[in-house]
Amino acid sequence: MKALFLGVGEACDPRHGNTSVLLTTADGATVLLDCGFTAAHRFFAACDDPDRLDAVWISHFHGDHFFGIPLLLLRFLDMGRRRELALVGQEAIEQKIRHLMEMAYPGFMAKLGFALRFHVASPAGALSLAGLRWRTAPTRHSQPNLGLLLDDGSSRLYFSGDGRPGDRVAALVRDCDLAIHEAFRIKDEVPGHGSIGGCLRLAKRTGIRRLALVHLEGRTRQEHGPEITAILARHPTLVLPQEGDLLVLA
Ligand SMILES: [Zn+2]
Ligand SMILES: [Zn+2]
């Protein structure tokens, strides 16, 4: 698997686009992990084939994680997409996306020219899609959020969405090859959000092999640069990806 970071920021960071990752499997399937306000333009800058994308994962229903969907679908329509697109997320995913699309571009859902297939993910069961096994666990966030573990049979990648990890996340991510985890602050200053310290504790407890920190609060990233650099230097398995970075899993 390969993970291309289209954005690494939180909702309000003017210097970094919303956290979004384009995953490509060894078999060539592609999955977009979250699609916030800024993600669709970054996606199309990285991929100009309208039929290439297999699936979109939405971790939760906050704008910086799914308000890019209308632009994604509009541009696919404009480019003449024909292949079915899978949209995967929590229980209300179909209703939320239909509503959002109707507000953004009334009537366009009926003339997309390609099918949408909605899949509901639940911690109670796994999905199989795009050659991957999809399993989830709830995090502690202000909106219900699911952390996602993707397994292609040879490597495993975890994508947190937003929220602090609890025991169910710890069980899901054990020994995974790469965890892409939100870290809003340095320590656990903000309820309902992860932190660099919390991510490091999770990695130590579960044996995560590589940990990529995303969704840092813009101000924290600006004001605590030297402290963050020092933490990275002390932990060789920790990375702070930038837009355009590619991480390749074995
Ligand atoms: Zn967010
Ligand atoms: Zn959120």
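The numbers attached to residues start from 1 for each chain and follow its sequence in the written order. For this description, chains carry letters from A and ligands carry numbers from 1, given in the order in which they are written. Totals for whole chains, interfaces and linings use every residue, but because this is a predicted model, local features are given only for residues with pLDDT of at least 70 and side-chain atom pairs only at 80 or more, for both listing and counting. The side-chain values count all of the structure's non-hydrogen atoms but skip hydrogen atoms and water molecules.

A.B. asks: Would you mind going over the side chain of Asp 34 with me for this structure?
C.D. replies: Note on conventions: DSSP H or I runs of at least 4 residues are helices, E runs of at least 2 residues are strands, and numbering of each starts at the N terminus. Note that Asp 34 resides in the loop between β3 (30-33) and α1 (39-46). Among buried charged residues, Asp 34 stands out as having no salt bridge; its nearest opposite-charge side chain is Lys 96, 14 Å away. A distance of 2.8 Å separates a polar side-chain atom of Asp 34 from the backbone nitrogen of Ser 59. Polar contacts, as counted here, are pairs of nitrogen or oxygen atoms within 3.5 Å of one another; within protein the pair requires one atom able to donate a hydrogen and one able to accept it, and residues that are adjacent in sequence qualify only if both atoms are side-chain atoms. There is a polar contact of 2.7 Å between the side chain of Asp 34 and the side chain of His 65. Residue contacts are defined here by distance: any two heavy atoms, one from each residue, within 4.5 Å place the two residues in contact. Beyond its immediate stretch of four places on either side in the chain, Asp 34 contacts Thr 19, Ser 20, Ala 39, Trp 57, Ile 58, Ser 59, His 65, Phe 159 and Gly 161. For the exposure calls, accessible area comes from a 1.4 Å probe over protein chains only, and a residue counts as buried if that area is under 20% of its type's maximum, exposed if over 50%, partly exposed in between. Positive residues here are Lys and Arg, negative ones are Asp and Glu, while His and the chain termini are left out of the count. Each salt bridge in this description consists of a side-chain nitrogen of Lys or Arg and a carboxyl oxygen of Asp or Glu lying within 4 Å of one another.

A.B. asks: Would you take a moment to explain the packing of aromatic side chains for this structure?
C.D. replies: Given two aromatic rings, one states the distance between the centres and the angle between the planes to describe the pair. Pairing of aromatic side chains requires ring centres within 6.5 Å, counting the rings of Phe and Tyr and the six-membered ring of Trp. Pairs whose planes differ by under 30 degrees are stacked, by over 60 edge-to-face, and all others tilted. This model, assessed by the stated rule, comprises nine aromatic pairs. On the basis of an interplanar angle of 80 degrees and a centroid distance of 5.0 Å, the ring pair of Phe 43 and Phe 44 is categorised as edge-to-face. The exposure classification of Phe 43 matches that of Phe 44, with both residues buried. Consider the rings of Phe 43 and Phe 76, whose centres lie 6.1 Å apart with planes at 80 degrees: the pair is edge-to-face. Taken together, the residues Phe 43 in helix α1 and Phe 76 in helix α3 (residues 69-79) connect sequence positions 33 residues apart.

A.B. asks: It is not clear to me how the coordination of the zinc ion (ligand 2) should be interpreted in this structure. Could you clarify?
C.D. replies: Ideal values differ by geometry: the angle at a metal is 109.5 degrees with four tetrahedral donors, but 90 or 180 degrees with six octahedral donors. Distances from the zinc ion (ligand 2) to its protein donors, His 60 (NE2), His 62 (ND1), His 141 (NE2) and Asp 162 (OD), fall at 2.1 to 2.3 Å. Coordination partners: N, O, S within 2.8 Å of the metal, 3.2 Å for Na, K and Ca; water not considered, so apparent gaps in a site are possible. Mapped onto the polypeptide sequence, the residues donating to the zinc ion (ligand 2) form the spacing pattern H-x1-H-x78-H-x20-D. Here the zinc ion (ligand 1) and the zinc ion (ligand 2) are spaced 3.7 Å from one another, each receiving a donor from Asp 162. In this pair, His 62 sits in the loop between β4 (55-57) and α2 (63-66) while Asp 162 sits in the loop between β10 (156-159) and α5 (167-173), placing the two residues 100 residues apart along the sequence. On the basis of relative accessibility, which here comes to 23%, the residue His 62 falls in the partly exposed class. For Asp 162, a relative accessible area of 2% gives the class buried.

A.B. asks: Would you take a moment to explain the pairing of strand β1 (residues 2-7) for this structure?
C.D. replies: Looking down a regular strand, the side chains alternate between one sheet face and the other. Strands are treated as partners if at least two bridges between them are detected by DSSP. Sheet topology places β1 next to strand β14 (residues 246-248); three bridges connect them, and they run antiparallel. What sits directly across from Ala 3, in β14, is Leu 247. Of the strand pairs in this sheet, β1 and strand β2 (residues 20-24) are connected by five bridges, and their pairing is antiparallel. From the neighbouring strand, Gly 7 faces β2, where its bridge partner is Ser 20.

A.B. asks: Please explain the side chain of Asp 13 as it appears in this structure.
C.D. replies: With respect to the helices and strands, the residue Asp 13 is situated in the loop between β1 and β2. There is a polar contact of 2.9 Å between the side chain of Asp 13 and the backbone nitrogen of Arg 15. Those residues in contact with Asp 13 that sit more than four places away from it in its chain are Leu 216, Gly 218 and Arg 221.

A.B. asks: How should the sheet that holds β14 be read in this particular structure?
C.D. replies: Backbone-to-backbone hydrogen bonds join strands into a sheet, with any given pair of strands oriented parallel or antiparallel. Read across the sheet, seven strands follow the order β6-β5-β4-β3-β2-β1-β14 without closing on themselves; strand pairing throughout is mixed. Where the open sheet ends on each side, the last strands, each with one partner, are β6 (116-120) and β14. Averaged over all neighbouring strand pairs, the angle between strand axes comes to 20 degrees, with direction disregarded. Fitting a line to C-alpha atoms yields each axis, with helices limited to the stretch in contact; the angle taken between N-to-C directions then spans 0 to 180 degrees. Where α1 meets the sheet, it contacts β1, β2 and β3, and its direction lies at approximately 130 degrees from that of β1. The sheet contacts of α3 involve β3, β4, β5 (85-89) and β6, and relative to β5 the element is tilted by about 170 degrees.

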